Each structure stands twice: as C-alpha cells, then as structure tokens.
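Structure assessment
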Amino acid sequence: MQKYKFGILLAATKDSAFTIGTLLLNILHKIPNQIDVFYMLKNGFCYLDRRILEGIVEFGGGGG
C-alpha cells in the first residue's frame, strides 16, 4: 500500500510552453490519478499558454 501519491516538479520558460505541455500530457496519460501536479506560472507565458497548461492539469487527470 502506497502511503503518498507520487509528485513531480517540472520547470519551463515561456519559450518551452509546448514542451512542458507535452510532458504533462504524457505523464498524466501514463499514470492518471496517481500523481499530484502543482504548478506555478510566472510572467512571460502568454494568456493562451497559461490557459492551455492549466487545462491540461485540470482535465488531464492530474487534479490541478
């Protein structure tokens, strides 16, 4: 029996929004509902990129 969920920390700059989104999708696809995703979006990401990344976490099985 596992006491804690797995966690992962990903960091990206505004230039790698596509890469971080792809990583999130792959992780949440492989181990859905088994990890908690915590994220911080710093200035530099455009509004659309922020909404997409938030949507991946909220609806991709990560629980946001």
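What you see is a predicted model, and the numbers here were worked out from it, not measured in a lab.

Looking at the nonpolar core
- One finds Ala17, Ile20, Leu24, Ile27, Leu28, Ile35, Val37, Phe45, Leu53, Ile56 and Val57 forming the largest nonpolar core, which totals 11 residues.
- The set of elements that each furnish at least two residues to this core consists of α1 (17-30), β2 (35-37) and α2 (47-59).
- Those residues in contact with Leu24 that sit more than four places away from it in its chain are Leu10, Val37, Leu53, Ile56 and Val57.

A look at α1
- Here α1 is 14 residues long and its end C-alpha atoms lie 20 Å apart, about the 20 Å a rise of 1.5 Å per residue gives.
- Along α1, the residues classified as buried are Ala17, Ile20, Gly21, Leu24, Ile27 and Leu28. The arc that holds every buried residue of α1, seen down its axis, measures 130°, which confines them to one face. In α1, the exposed positions that point more than 90 degrees away from the buried face belong to Phe18, His29 and Lys30.

Brief notes about the environment of Thr22
- Mapped onto the elements of the fold, Thr22 is located in helix α1.
- Separated by 31 residues in the primary sequence, Thr22 and Leu53 place their C-alpha atoms 9.5 Å from one another.

With respect to the environment of Gly55
- Within the element layout of this structure, Gly55 appears in helix α2.
- Counting along the chain gives 34 residues from Gly55 to Gly21, while the straight-line C-alpha distance between them is 9.9 Å.

Quick look at the confidence of the model for the protein chain
- When the pLDDT values of the protein chain are averaged, the result is 76; 75% of them are 70 or greater.
- When the elements of the protein chain are averaged for pLDDT, strand β1 (residues 6-8) gives the smallest value, 71, and α1 the largest, 85.

Things to note about the packing of α1 against α2
- Two elements in contact, α1 and α2, have axes separated by 10 Å at closest approach and are oriented at 10°. It follows from the interaxial angle that α1 and α2 lie roughly parallel. Mapping the contact onto sequence places Ala17, Ile20, Gly21, Leu24, Leu25 and Leu28 in α1 and Asp49, Leu53, Ile56 and Val57 in α2.
- Across the contact of α1 with α2, the residue classes break down as eight nonpolar, one polar and one charged.

Cut-off values and rules
The numbering scheme is per chain: residues are counted from 1 as the chain's sequence reads. Given that this is a predicted model, residues contribute local features only at a pLDDT of at least 70 and side-chain atom pairs are listed and counted only at 80 or more, while totals for whole chains, interfaces and linings are drawn from all residues. Calculated side-chain values reflect all of the structure's heavy atoms, with hydrogen atoms and water omitted. The criterion is simple. A nonpolar core is a set of buried Ala, Val, Leu, Ile, Met, Phe, Trp, Tyr and Cys residues joined through side-chain atoms within 4.5 Å. Categorising residues by exposure relies on relative accessible area from a 1.4 Å probe, with only protein chains included: less than 20% of the type maximum marks a residue as buried, more than 50% marks it as exposed, and the intermediate range marks it as partly exposed. Put simply, DSSP H or I for four residues or longer makes a helix, DSSP E for two residues or longer makes a strand, and each gets a number counted from the N terminus. Any two residues whose heavy atoms approach within 4.5 Å at even a single point are treated as in contact. Multiplying 1.5 Å by the residue count of a helix minus one yields the expected span of that helix. Comment: arc refers to directions from the helix axis out to C-beta atoms. The pLDDT value expresses, per residue, how confident the predictor is, ranging between 0 and 100. Here the axes come from fitting lines to C-alpha atoms, over the contacting stretch only for helices, and the angles between their N-to-C directions go from 0 to 180 degrees. What sets the label is the angle itself: under 35 degrees gives roughly parallel, over 145 gives roughly antiparallel, 65 to 115 gives roughly perpendicular, and the rest give oblique. We call Asp, Glu, Lys and Arg charged. Ala, Val, Leu, Ile, Met, Phe, Trp, Tyr, Cys and Pro are nonpolar, and the rest, Gly among them, are polar.

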